[in-house]
Amino acid sequence: MKLGKEFYINGEVTDLAKELLGKYLYVNNSVLTAGKIVETEAYSYKEKACHAYNNRFTKRTSIMFEEGGVAYVYTCYGIHSLFNIVTNKKGIAEAVLIRAIEPMVGQEVMKHRRGGNSDIASGPGKLTQALGISKKHNGTFLTEKEIWIESGIKVDDELIGRSKRIGVDYAEEDAKLEWRFFVKNSPFVSH
DNA sequence: GCAATGATTTACT
DNA sequence: GTAAATCATTGCC
C-alpha cells in the first residue's frame, strides 16, 4: 500500500528513518523497478551535517523546507545523485537519505544500468543509478506515480542496527550522532 | 568570476 | 588499506 503524505509529515525525522526500513521504494520511469529499504540516515536543520543547517536557505536546500513527502535529489562529488525524502511540515528542513535497498523488481534492468555489476544498490549513489533517479526528480511528490514508497514487512527492533552516519566527519560534534539505521545481517547494506 | 570541497564509488597496492 | 575520478554548489572576491 502506497504511503500517504501524512506519513512524511508526522513524527521525528529519526523515527521516520527507522520506520522506513523494510518498506519498498518504487520508481516507474518507463520501466518499473523497486527494492526493500535496508539502510537510511536522518538529517535535520538542527545539526551541522545537514545542507540546511541553521536554516541555511539556498537554491539547493530550498526543497528541504517544503512540506514532507517530496524527493530531494542532489549531486555529490560531481558524479553521484543522492536520493532523500523530505519530512516534516513546511518550513522545517529535515530529510531521510536512502542509502541502500535490496533489489526486488526489475533486477535485470537495474543490473544493466549498473554496467552489469551484480552489486546493484548497496550505497546511496549506486541505488539512484540502479533505479534511474537523477536530479530531474528533485521535487517529485512521492504521492504521485513516478516515485513512491509502499509499506512492507515490519523489521523487528532487534534486527535494526544503529551507528554514526557515513562521510560526515566534518560535522564536528554532530558527526557523533547515531542517526544511521540499517537492517542487521543484510548483505545489501553499504560497504 | 574563481577557488574550495564534498551525505561516493571504484580500482588499485 | 589508500587514492583518483570529477563537477555542481557554495561562498567569497
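Residues numbered from 1 in each chain as written. Chains lettered and ligands numbered in written order. Predicted model: local features only at pLDDT ≥ 70, side-chain atom pairs only at ≥ 80, totals over all residues. Heavy atoms only, no water.

**Some thoughts on the pattern of salt bridges**
For side chains bearing opposite charge, pairing can occur when the charged atoms are close.
Working step 1: For the structure shown, the criterion picks out 11 salt bridges.
Working step 2: Between Arg180 and Glu39 there is a salt bridge; the shortest N-O distance is 2.8 Å. You can see Arg180 sitting in strand E8 (residues 180–183) and its partner Glu39 sitting in strand E2 (residues 31–44), a full 141 residues away along the chain.
Working step 3: Notably, a salt bridge pairs Lys48 with Glu173, separated by 3.3 Å at the nearest N-O pair. In this pair, Lys48 is assigned in the loop between E2 and strand E3 (71–76) and Glu173 in the loop between strand E7 (160–163) and E8, connecting sequence segments 125 residues apart. (Salt bridge = Lys/Arg side-chain N within 4 Å of Asp/Glu carboxyl O. Helix = DSSP H or I, 4+ residues; strand = E, 2+ residues; numbered from the N terminus.)

**Looking at the protein's contact with DNA strand C**
Working step 1: Surrounding DNA strand C, one finds Arg56, Thr58, Arg60, Tyr77, Gly78, Ile79 and Lys135.
Working step 2: Within 4 Å of the protein, the atoms of DNA strand C are drawn from sugar and phosphate moieties in a proportion of 79%.
Working step 3: Interatomic distance of 2.4 Å between a side-chain N/O atom of Arg56 and a phosphate oxygen of DNA strand C.
Working step 4: With respect to DNA strand C, the backbone of Tyr77 contributes an N or O atom lying 3.1 Å from a base oxygen.
Working step 5: In the surface near DNA strand C, the residues fall into two nonpolar, two polar and three charged. (Near = heavy atom within 4 Å. Polar contact = N/O pair within 3.5 Å; in protein donor to acceptor, adjacent residues only side chain to side chain. Nonpolar A, V, L, I, M, F, W, Y, C, P; charged D, E, K, R; others polar.)

**Some words on the pairing of E8**
Working step 1: Alternating positions in E8 separate into two faces, Arg180 and Phe182 on one and Phe181 and Val183 on the other, with burial throughout.
Working step 2: Of the pairings in the sheet, the one linking E2 to E8 comprises three bridges and is antiparallel in character. Bridge pairing in E8 links Glu39 to Phe182.
Working step 3: Of the pairings in the sheet, the one linking E7 to E8 comprises four bridges and is antiparallel in character. Directly across from Ile160, in E8, lies its bridge partner Val183. (Buried < 20%, exposed > 50% of the residue type's maximum accessible area, 1.4 Å probe, protein only. Pairing = 2+ DSSP bridges.)

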